[in-house]
Amino acid sequence: MKKNTLILGIETSCDETAVAIVKDGTEIITNVVASQIESHKRFGGVVPEIASRHHVEQITQVLQEAFEESELTWDEIDAISVTEGPGLVGALLVGVNAAKALAFAKQKPLVGVHHIAGHIYANRLEREFNFPLLALIVSGGHTELVLMKEHGSYELIGETRDDAAGEAYDKVARMLNLPYPGGPHIDRLAAAGLESIDFPRAWLEENSYDFSFSGLKSAVINKIHNAKQRGEELKNEDIAASFQASVVEVLTAKTLRAAKEYNVSQVIVAGGVAANKGLRKELEAAFRETEIPLLIPDIKLCTDNAAMIAAAGTIAFEQGRRSGLDLNANASLLLK
Ligand code: KG4
Ligand code: ZN
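So, here's what we can say about the structure. Here the structure is a predicted model, which means the values were calculated and not measured.

## Structural notes on the overall build of the protein chain
Within the protein chain one finds 11 helices and 10 strands. Seen along its three principal axes, the alpha-carbon backbone of the protein chain occupies a region of about 65 × 45 × 30 Å. Across the 336 residues that make up the protein chain, the buried fraction comes to 57%. Sequence-distant contacts in the protein chain: of pairs separated by 6 or more residues, those separated by 24 or more amount to 73%. Working note: accessible area of the protein chain is about 14800 Å², and carbon and sulfur atoms make up 48% of it. Charge separation in the protein chain, taken as the distance between the mean sites of 33 positive and 46 negative side-chain charges, equals 2 Å.

What follows is the structure, encoded as structure tokens:
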């Protein structure tokens, strides 16, 4: 394996246009992220067509910024990695087409990357992996428990059957008239509230590592409606704290049980919801009682970025995986 492998990463699956350069899959050289949150805020969520248009407008500029910041030249780049899925198809296509054009023009190998593999590999930018490893991925589109026995191998042991954790946060936030994305606002309110409302915990069947958040979301909506009808005063802080307690308890308990059952050497957490203070605190408390090291990356590596795509792309590149110029965006790509 050649050392000093430099991989360029491109990420456009949702509402961030991002380009990064990573060395050996572990060291960020540059990590440029252009967020579109401001443009989607007034619609209360990501509008796919607006997202695609912004990506088209931003991608060249972000790419240029990444090179300027790194002071590297194309000659030094070993390969181009890009998120091929899952995500919004029109958004993904912008990144995939940019990557293909660059791979062709600069004569570089092209490596398609799964977005969730990227979220997982964001952790390797902070600490080396130890296998077997359990990853909890909690984002706006995903809630998954993935077992990894070696680099580049992903075994899905649990996933959400309906809403993703971040999606539930965003929907509840909308009910409380909080801006998009709602997760950080609920997190902030929760810290000031009391867990005074008994919302359900969706444990599902015994032994299941799957998740479900739509029942909880409905319970919150019903509670708010009923209180309104009765003229009862409910504090948003208490709703947020009680909702968050339900999400965090289920995520923490299932992650802990899976970590013990699979006898893992490391647990990592990834995705936007990994930024949640309540979740970080509960996971840290739960794993402190065990011998299993827990890693939750810095908040800027939890949300979408391209360094994570370059980090996952490095492993795929080193394992000899290549994509052709017929690479296509795949909105529902499976992790394998
Ligand atoms: O990973 P990410 O940036 O994009 C996806 O791939 O989905 O995750 C975005 C999600 C949003 O649903 C947002 O509300 C949620 O992460 N999020 C949070 C927090 N920060 C971001 N959820 C709960 N607490 C937070 N502090
Ligand atoms: Zn993501």
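## Notes on the packing of helix α5 (residues 165-175) against helix α8 (residues 236-261)
Where α5 contacts α8, the axes come no closer than 12 Å and their chain directions differ by 175 degrees. Considered as vectors, α5 and α8 are oriented roughly antiparallel to each other. Between α5 and α8, the contacting residues are A168, Y169 and V172 on the first element and F243, Q244, V247 and V248 on the second. Partitioning the contact of α5 with α8 into residue classes produces six nonpolar, one polar and no charged.

## Thoughts on the site of ligand 1
Around ligand 1, 20 residues are found, and the nearest of them are G140, D170, D187, G272 and N276. Take H115: an N or O atom from its side chain is 3.2 Å from an oxygen atom of ligand 1. Between ligand 1 and D187, the relevant distance is 3.0 Å, taken from a nitrogen atom to a side-chain nitrogen or oxygen of the residue. Out of a free accessible area of 550 Å², ligand 1 has 89% covered by protein chains. Comparing atom positions with the cavity grids shows ligand 1 to sit within the largest pocket. Listing elements by their share of the shell around ligand 1, those giving two or more residues are α4 (115-121), α5 and α6 (183-191). Of the residues belonging to the shell around ligand 1, the class tally is six nonpolar, 11 polar and three charged. The two domains that each donate at least three residues to the shell around ligand 1 are domain 1 (6-121 + 302-318) and domain 2 (131-296).

## Focus on the pairing of strand β3 (residues 27-35)
Pairing analysis gives eight bridges linking strand β2 (residues 16-23) to β3, with the strands arranged antiparallel. Bridging from a neighbouring strand, V22 pairs with I28 of β3. Between the antiparallel neighbours β2 and β3 lie three residues, among them D24 with a positive phi of about 55 degrees.

## Concerning the packing of aromatic side chains
Applying the stated criterion to the full structure yields six aromatic pairs. When the centroid spacing of 6.3 Å and the interplanar angle of 50 degrees are considered together, the rings of Y209 and Y262 count as tilted. A residue pair is termed long-range when its members are at least 10 positions apart, and Y209 in the loop between α6 and α7 (214-230) and Y262 in the loop between α8 and β9 (266-270) qualify at 53 residues. Judged by relative accessible area, Y209 falls into the buried class, the value being 5%. Among the residues examined, Y262 registers a relative accessible area of 30% and is labelled partly exposed. A network of ring pairs unites the aromatic residues Y121, F129 and F131 as a single cluster. Above the ring of F211, the side-chain terminus of K254 is found at 5.8 Å from the ring centroid.

## Thoughts on the packing of α7 against α8
Packing of α7 against α8 leaves a shortest axis separation of 11 Å and a crossing angle of 160 degrees. What the angle tells us is that α7 and α8 run roughly antiparallel. Of the two possible hands of crossing, α7 and α8 adopt the one that is right-handed. Taken together, the residues of α8 that come into contact with α7 (itself represented by L216, V220 and I224) are I239, F243, S246 and V247. Class assignment of the residues belonging to the contact of α7 with α8 gives a composition of six nonpolar, one polar and no charged.

## Observations concerning the environment of P293
Looking at where P293 falls in the secondary structure, it is placed in the loop between α9 (277-288) and β10 (294-295). A sequence separation of 126 residues divides P293 from E167, and the C-alpha atoms of the two residues are 28 Å apart.

Parameters at a glance
- Residues numbered from 1 in each chain as written.
- Chains lettered and ligands numbered in written order.
- Predicted model: local features only at pLDDT ≥ 70, side-chain atom pairs only at ≥ 80, totals over all residues.
- Heavy atoms only, no water.
- Helix = DSSP H or I, 4+ residues; strand = E, 2+ residues; numbered from the N terminus.
- Buried < 20%, exposed > 50% of the residue type's maximum accessible area, 1.4 Å probe, protein only.
- Contact = heavy atoms within 4.5 Å.
- Areas by Shrake-Rupley, 256 points an atom, 1.4 Å probe, with all protein chains shown as cover.
- Lys, Arg positive; Asp, Glu negative; His and termini not counted.
- Charge placed at Lys NZ, Arg CZ, Asp CG, Glu CD.
- Axes fitted to C-alpha atoms, helices over the stretch in contact; angles between N-to-C directions.
- Parallel < 35°, antiparallel > 145°, perpendicular 65-115°, else oblique.
- Nonpolar A, V, L, I, M, F, W, Y, C, P; charged D, E, K, R; others polar.
- Near = heavy atom within 4 Å.
- Polar contact = N/O pair within 3.5 Å; in protein donor to acceptor, adjacent residues only side chain to side chain.
- 1 Å grid on protein atoms, 1.4 Å probe; cavity = no way out; pocket = protein on both sides within 12 Å on 5 of 7 lines; lining within 4 Å.
- Sits in = over half its atoms within 2 Å of the grid points.
- Domains from an automatic or database assignment.
- Pairing = 2+ DSSP bridges.
- Phe/Tyr/Trp six-rings, centres within 6.5 Å; stacked < 30°, edge-to-face > 60°.
- Lys NZ or Arg CZ within 6 Å of the ring centre and 35° of its normal.
- Left-handed = near helix turned anticlockwise from the far one by under 90°.

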